[in-house]
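Residues per chain are reported as follows:
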Amino acid sequence: MLFSVCAFAQKQIDQTFDASAVKNIDLFFKYPELVKIKVWDKNEVNIKGQVEIHNGEFDDDFELTSKVSGGKLIIESNIKNIDNYKSYQVYTDKDEDGESRSVTISKSGTTITTGKSGRYTNGINISIVLEVTVPRSMAVVLDARYGLVEVLQSPKQLDVEARYGGVDVKVDETESLDLEASTQWGQIFSNLETKVKIDGDEGLGKWMKAHASIKSGGQRLKVESQYGHVYLRKN
C-alpha cells in the first residue's frame, strides 16, 4: 500500500458516536497516516477527516464501525476489499527536491522508499487523516497501527499505541499530569520544562522509557511506539 502526498479529490468524514452510556472508549485505527486527538465537554465522540484511496476511486471502501460492549464504546476503522489491492500497480517517482512522493507500507510494517527513477510497485495509493474529539472525562485507548498519532489535548486518561508511526504529544504544563512514554527502536525527544526521567536500556532494539509527573499527576497519559519516535512538546 502506498501513502501519497499528491493532491486529488478526497472523501470527507464527519461522524458522531454517542458515549453517554459508557465510561471507557477504545479506538482502533489501522491505516490512517495521521490521527489527531482532542477533547471537549460533550458525551460524544466526533471523527472528522479526509480519505483518498487510489485517487478517489475506492474512497467508499473506508468505513467506521462502532459497538458498545462491557461498558466500552469501541470504534474501529476498516478498508473493505483491501486484500484485492495487491493486484494494482502504482508508478512512483521523485519530486523536484529529490524526495519520494510515495512510501510503500506492507502489511508486516516494512517500509520501502522508491528509487530516483521511480518504479512500479504492487499496492495502491492511500491517504487517510482523522481528527478525533473525545469526552474530556473519559478513559480512552487509542491504537493506531501504521500512522502517526498527534495528541493535541488529552482526556482524563489516555493510552496510545502507535506501533510504526510514532507519537507527537503537546503537554500543558499548567495542568496536573502523570506522563509515561516508551519506544523500542525510536527515540524520545522532549523540550518540556518539567524534568523527564529516562529509564530502560538505550541500546539498539532495547526499550527506552520516560516518566514525568507534573503537579503531582491527576490526568494520566501513556504513549508507546515500538518503531517510531516519541515527541514531548511544551504547549
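K.L.:
So what exactly am I meant to see when it comes to the side chain of aspartate 143 here?
P.N.:
Within the secondary structure, aspartate 143 sits in strand E13 (residues 139-144). Excluding anything up to four places from it in sequence, aspartate 143 contacts Leu27, Phe28, Phe29 and Glu161.

K.L.:
Explain a nonpolar patch on the surface to me, please; I cannot follow it from the model alone.
P.N.:
Where nonpolar side chains cluster on the molecular surface, the patch consists of Trp185, Leu204 and Tyr227 and spans about 370 Å² of accessible area. Under the relative-accessibility criterion, leucine 204 is labelled exposed at 77%.

K.L.:
Sorry, what's going on with the nonpolar core here?
P.N.:
A general feature of soluble globular proteins is that nonpolar side chains tend to end up buried together. Formed by 55 residues in total, the largest nonpolar core has its most connected members in Leu27, Phe29, Val45, Ile47, Phe62 and Ile79. Among the elements that take part in this core, strand E12 (residues 126-135) stands out by supplying 5 residues, more than any other. With residues up to four places along the chain from it excluded, the contact list for isoleucine 47 reads Ile13, Asp14, Gln15, Phe17, Phe29, Leu64, Ile75, Leu130, Glu131 and Val132.

K.L.:
In this structure, what is going on with unusual backbone geometry? I would like to understand it.
P.N.:
Peptide bonds are, in most cases, trans, and in most cases residues other than glycine have a negative phi. Of note in this structure, histidine 54 is not a glycine but carries a positive phi near 55°. Relative to the elements of secondary structure, histidine 54 occurs in the loop between strand E5 (44-53) and strand E6 (62-69).

K.L.:
Help me understand the pairing of strand E17 (residues 177-183), please; the structure alone is not making it clear to me.
P.N.:
Where a strand is regular, its side chains alternate between the two sheet faces. A large share of E17 lies buried, amounting to 5 of its 7 residues. Strand direction decides the pairing type here: E17 and strand E20 (residues 208-214), joined by 7 bridges, are antiparallel. From the neighbouring strand, aspartate 178 faces E20, where its bridge partner is serine 213. In this sheet, strand E21 (residues 219-225) lies alongside E17 in parallel orientation, the contact comprising 7 bridges. Paired with serine 182 across the bridge in E21 is glutamate 224.

K.L.:
Please explain the layout of surface pockets as it appears in this structure.
P.N.:
Over the atoms rolls a probe the size of a water molecule, and in doing so it shows where empty space is left. One number sums up the size of the largest pocket: a volume of about 290 Å³. For the largest pocket, the lining is made up of 15 residues, of which Gln153, Ser154, Asp172, Glu175 and Gln219 are closest to its centre. For the lining of the largest pocket, the elements supplying multiple residues, two or more each, are strand E16 (167-171) and E21. It is E16 that contributes the most residues to the lining of the largest pocket, 3 residues altogether. For the lining of the largest pocket, the class distribution of residues is 7 nonpolar, 4 polar and 4 charged.

K.L.:
Is there a simple way to think about the pattern of salt bridges in this case?
P.N.:
Between side chains of opposite charge, a pair can form as their charged atoms come close. All chains considered together, the criterion is met by 7 salt bridges. A salt bridge links aspartate 159 to arginine 220; the shortest N-O distance between them is 2.8 Å. Within this pair, whereas aspartate 159 is found in strand E15 (residues 157-161), its partner arginine 220 is found in strand E21, the two being separated by 61 residues in sequence. You can call arginine 220 partly exposed: its relative accessible area is 25%.

K.L.:
Explain the side chain of aspartate 168 to me, please; I cannot follow it from the model alone.
P.N.:
Inspection of the secondary structure puts aspartate 168 in strand E16. The exposure class assigned to aspartate 168 is buried, which follows from its relative accessible area of 14%. Polar side-chain contacts of aspartate 168 include one of 2.8 Å to the side chain of arginine 233. Once residues lying within four places of it in the same chain are set aside, the contact partners of aspartate 168 are Leu148, Val149, Glu150, Val151, Tyr231 and Arg233.

K.L.:
Got a minute to help me understand the packing of aromatic side chains in this structure?
P.N.:
Any aromatic ring pair is given by two values, namely how distant the centres are and how the planes are angled relative to each other. For the structure on display, the rule yields 4 aromatic pairs. Measuring from ring centre to ring centre gives 5.3 Å for tyrosine 146 and tyrosine 164, while their planes differ by 15°; the resulting arrangement is stacked. Pair noted here: tyrosine 146 is in the loop between E13 and strand E14 (148-151) and tyrosine 164 is in the loop between E15 and E16, with a separation of 18 residues, a long-range link. Since its relative accessible area comes to 7%, tyrosine 146 is described here as buried. Here phenylalanine 189 and tyrosine 231 contribute two aromatic rings whose centre-to-centre distance is 5.3 Å and whose plane-to-plane angle is 15°, an arrangement assigned as stacked. A residue pair is termed long-range when its members are at least 10 positions apart, and phenylalanine 189 in strand E18 (residues 188-190) and tyrosine 231 in strand E22 (residues 230-234) qualify at 42 residues.

Definitions and limits used
Residues numbered from 1 in each chain as written. Predicted model: local features only at pLDDT ≥ 70, side-chain atom pairs only at ≥ 80, totals over all residues. Heavy atoms only, no water. Helix = DSSP H or I, 4+ residues; strand = E, 2+ residues; numbered from the N terminus. Contact = heavy atoms within 4.5 Å. Patch = residues over 30% accessible without salt bridge, like charges linked within 9 Å, V, L, I, M, F, W, Y side chains within 5 Å. Areas by Shrake-Rupley, 256 points an atom, 1.4 Å probe, with all protein chains shown as cover. Salt bridge = Lys/Arg side-chain N within 4 Å of Asp/Glu carboxyl O. Buried < 20%, exposed > 50% of the residue type's maximum accessible area, 1.4 Å probe, protein only. Core = buried A, V, L, I, M, F, W, Y, C linked by side-chain atoms within 4.5 Å. Pairing = 2+ DSSP bridges. 1 Å grid on protein atoms, 1.4 Å probe; cavity = no way out; pocket = protein on both sides within 12 Å on 5 of 7 lines; lining within 4 Å. Points joined across faces, edges and corners; volume = space filled by probe spheres on them. Nonpolar A, V, L, I, M, F, W, Y, C, P; charged D, E, K, R; others polar. Polar contact = N/O pair within 3.5 Å; in protein donor to acceptor, adjacent residues only side chain to side chain. Phe/Tyr/Trp six-rings, centres within 6.5 Å; stacked < 30°, edge-to-face > 60°.

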